[in-house]
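Per-entry structural report
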Amino acid sequence: TTAVGIQYILNSDKFLFAPSSTVFGIDNNSNFIEDTKLGAKGGTNTALTHQLVNTFGTFIQHNWKSNKVNLSFGLRFDNYLVRDQHGTTEEQADDVSNGVLAPRFGILYKINPAIRLRAGYAKGYRAPQVFNEDLHIELVNAKRVLHRNSEDLTQETSHSFSLSLNTDFTLGETVNSFLAEGFYTRLNDAFADEYNLVDSSSNEWEYHRINADGGAVAYGINL
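Summary of the structure given here. (Residues numbered from 1 in each chain as written. Predicted model: local features only at pLDDT ≥ 70, side-chain atom pairs only at ≥ 80, totals over all residues. Heavy atoms only, no water.)

**Points about the nonpolar core**
- In this structure, Val53, Tyr80, Val82, Val100 and Ala127 together form the largest nonpolar core, which totals five residues.
- Residues in contact with valine 53, not counting those within four places in the same chain, are Asn29, Ser30, Asn31, Leu81, Val82 and Gln129. (Core = buried A, V, L, I, M, F, W, Y, C linked by side-chain atoms within 4.5 Å. Buried < 20%, exposed > 50% of the residue type's maximum accessible area, 1.4 Å probe, protein only. Contact = heavy atoms within 4.5 Å.)

Below, the structure written as structure tokens:
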């Protein structure tokens, strides 16, 4: 795994209506996975995963801070490439790549110095790839697992909303803090796995990643 980036921060005593700061940046993240099952008793080795994922991103975020309200706007653009290193040059014409525009927004309102209300929205995504955490958890059960993405697998996209209220107060000599937060995340084209038994005698399985029909939803409350 490699990561490199640069950013520039511009501060202003007053921009439009309040002191502000703006962050500009670019970064590049590269992840290379090679997972090989060693052959037993002189058998040949089997390459299970040989994948390169590279993501180049640019972003800008602007923050305002005042006595009553803090605002934050951000926008990020990623271009990712997922390449199966098993393939020949001709096969690599099927590389998976896409550009993703991801906005985010946050607001903090200070009802009074001790009570603060926050709300936010953020878009996220996961590229159609094999992930590091897919590879080894089933080895505990001595399973031989092959991970395969569906040929028509598309990226998973999330839309997350949050709302929270927190307060600080003192009881006697004790300082206390209380937080109540609700969140809701909608996943479009959510990833799901189909489990297929390839060979019962060797306990060999295939995990086939697909896009779940109807996506998924995660929501809850933190106290």
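**As for the sheet that holds strand S11 (residues 204–211)**
- On the basis of which strands lie adjacent, the open sheet formed by three strands has the order S7-S11-S10 and mixed pairing. Each having just a single partner strand, strand S7 (144–149) and strand S10 (191–199) make up the two edges of the open sheet. Taking each pair of neighbouring strands and ignoring which way they run, the sheet shows an average axis angle of 25 degrees. (Pairing = 2+ DSSP bridges. Helix = DSSP H or I, 4+ residues; strand = E, 2+ residues; numbered from the N terminus. Axes fitted to C-alpha atoms, helices over the stretch in contact; angles between N-to-C directions.)

**As for the side chain of threonine 22**
- For threonine 22, the position within the fold is in strand S2 (residues 18–37).
- Those residues in contact with threonine 22, other than ones at most four positions away along the chain, are Tyr8, Ile9, Leu10, Ile60, Gln61 and His62.

**Remarks on the packing of aromatic side chains**
- Tallying each qualifying case throughout the model produces seven aromatic pairs.
- Centroid distance tryptophan 64 to phenylalanine 73: 5.9 Å. Interplanar angle 85 degrees. Geometry classified as edge-to-face.
- Under the relative-accessibility criterion, phenylalanine 73 is labelled partly exposed at 38%.
- Geometrically, the ring pair formed by tyrosine 195 and tyrosine 207 is edge-to-face, given 4.5 Å between the ring centres and 85 degrees between the ring planes. Taken together, the positions of tyrosine 195 in strand S10 and tyrosine 207 in strand S11 put the pair 12 residues apart, joining distant regions of the chain.
- An aromatic cluster is built from Phe15, Trp64, Phe73 and Phe105, whose rings are joined through pairwise contacts. (Phe/Tyr/Trp six-rings, centres within 6.5 Å; stacked < 30°, edge-to-face > 60°.)

Purely geometric numbers; function is a separate question.
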